[in-house]
Each structure stands twice: as C-alpha cells, then as structure tokens.
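Below are the chains, spelled out letter by letter.
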Amino acid sequence: MAASELKWNNTALLVIDMQKDFILPGGPMHVKGGEAIVPSVIKAVEVARSRSIPVIWVVREHDPLGRDVELFRRHLYAADKPKPTSKGSVGAELVDGLVIKDGDYKLVKMRFSAFFNTHLHSYLQGAGVNKLVITGVQTPNCIRQTVFDAVALDYHKVTVIVDATAAATPDIHIANIIDMTNVGVATPTLEEWCKSDN
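The name given to the protein in an unreviewed UniProt entry is Probable inactive nicotinamidase At3g16190, with the source organism recorded as Sesamum indicum. Word for word, the UniProt comment on the protein under Sequence similarities (unreviewed entry) is "Belongs to the isochorismatase family."

Below, the structure is given as structure tokens:
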C-alpha cells in the first residue's frame, strides 16, 4: 500500500440518497439543491477511489406498499400515489453519473440515519474505519442524523463536504452545516477536501 493510501486507510465515504426520486426535478421527494451537487458527488467518489477509500452507497428502497416507511410518509404509498424509492423502481436508482462498482458497498436504510436499524456501524468497525466523509442529500434530515449518530458513536473524525451535500434551500443547508460544525464536524469544500492529506 502506497504512503498516500495509508493516510486514508481508516476512512470511508458515504454517499447518501443520491437517487432519482430525490434528485431529479419532478421526483416525488425532490430536494431542490440536489441536482446541483451531482458533479461534486461524482468527483468525491472519484477522489475516494483514487485514495483507496471504500465507497458506501446509502440508499432507500422501500416496500411498494409503504409498510417499512415512516408513519408520516405512508400516505405517499397509497394506490394512486408515487411510492417514492420503491424497491426496483426507476426512482430508486442512482442518478446518472453515479455507479456502484465492484468493491463498493450498498447499504439500504429505512429511516433518516444510515446507522438506525442497519448494520453500518458493525460493517465499519470490521473494516477498521473510524473516519467518515459524508456526501448526498438532504442536509437537515439524512445527512444531519447520520452525522450526529457518527459523532455519538465516537468516530474519530466526521467530515461533511459542504458543496457535495444539499438541502431544499441554501439557508437550510448552511444552518445545518453550522450546527454540525459546532459539534466538531469538519466541513470543507470539495476542493479543500481533495487537497487535504487526511
């Protein structure tokens, strides 16, 4: 393993909810800021792979009847409704330009946090990961809850790439970034993260 790779060998990149139903205009769960960050997320994945950082694709794939979705969203799974990110649907697919490759890891979650009722923590512990880099949508929900759970679980370093994450509005995004910064989360731009040495 090269010295440059050793610097990153305890780090994983999480790509959260970069699925068509969240990112594309007209999607039933559309996050207005999501489409603009797609190039940054693509670049973050490329940089992670070049550093031998494992890429973890965190997605929602719900039962088409909504039996596994939060109570407040179940109305979206009625017969005449869109059934967002239903397993096997086009809307559950990653947006164009993002591709799960051999060696990547796909994790399906049913709630905001990637840690809630999943095996993410045990997977990361088994891989020796104690530093996380977070990208995706959306900042006040899935990003924030995943980040706060990572902090509570004592990950040594949690990084949110500020321009590879997004919310419905810039104000919502920045307010949540400030909250995360206040608990010790690093919030570099993509350019800053690409230039960093860990």
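Continuing now.
So, on to empty space enclosed by the protein. The full count for this structure, using the stated rule, is 1 cavity of 30 Å³ or more. Size it by volume and the largest cavity reaches roughly 30 Å³. Lining the largest cavity we find F22, M29, R60, H62, R73, Y77, P84 and T85.

Before going further, it helps to examine the UniProt feature "domain: Isochorismatase-like" (unreviewed entry) in the protein. Using the residue numbers shown here, the UniProt feature "domain: Isochorismatase-like" (unreviewed entry) corresponds to residues 11-189. With 28% helix and 19% strand, the stretch residues 11-189 has end C-alpha atoms that lie 17 Å from each other.

Right, let's get into the pattern of salt bridges. Any two side chains of opposite charge can pair, so long as their charged atoms come close to each other. On inspection of all chains with the given rule, the structure shows 9 salt bridges. Here D63 and R67 are joined by a salt bridge, their closest N and O atoms 2.9 Å apart. Residue R67 is classed as exposed on the basis of its relative accessible area of 58%. Here the salt bridges do not stand alone but share partners, grouping R60, E70 and R73 into one network.

Position of D21 among the secondary structure elements: in helix α2 (residues 20-23). Although buried, D21 forms no salt bridge, and the nearest oppositely charged side chain, K20, lies 9.2 Å from it. When residues no more than four places from it in sequence are discounted, the contact partners of D21 are G27, P28, M29, H30, K83, P84, T85, G91 and A92.

This part takes up the packing of aromatic side chains. One pass over the structure, following the stated rule, counts 4 aromatic pairs. Summarising the aromatic geometry, the rings of W8 and W193 are spaced 5.8 Å apart at their centres and angled 70 degrees between planes, so their arrangement reads as edge-to-face. Residue W8 is located in the loop between α1 (3-6) and β1 (11-16), and its partner W193 is located in helix α7 (residues 190-195); the two are separated by 185 residues in the primary sequence. Both residues of the pair, W8 and W193, belong to the buried class. For the pair F115 and Y155, a centre-to-centre distance of 5.8 Å together with 40 degrees between the ring planes defines the contact as tilted. Of this pair, F115 sits in the loop between β3 (105-109) and α4 (120-126) while Y155 sits in the loop between α5 (139-152) and β5 (157-166), and the two are 40 residues apart along the sequence. Both residues of the pair, F115 and Y155, belong to the buried class.

Quick notes on the rules
Residues numbered from 1 in each chain as written. Predicted model: local features only at pLDDT ≥ 70, side-chain atom pairs only at ≥ 80, totals over all residues. Heavy atoms only, no water. UniProt positions renumbered as here; feature names shortened; annotations may be inferred. 1 Å grid on protein atoms, 1.4 Å probe; cavity = no way out; pocket = protein on both sides within 12 Å on 5 of 7 lines; lining within 4 Å. Points joined across faces, edges and corners; volume = space filled by probe spheres on them. Helix = DSSP H or I, 4+ residues; strand = E, 2+ residues; numbered from the N terminus. Salt bridge = Lys/Arg side-chain N within 4 Å of Asp/Glu carboxyl O. Buried < 20%, exposed > 50% of the residue type's maximum accessible area, 1.4 Å probe, protein only. Lys, Arg positive; Asp, Glu negative; His and termini not counted. Contact = heavy atoms within 4.5 Å. Phe/Tyr/Trp six-rings, centres within 6.5 Å; stacked < 30°, edge-to-face > 60°.

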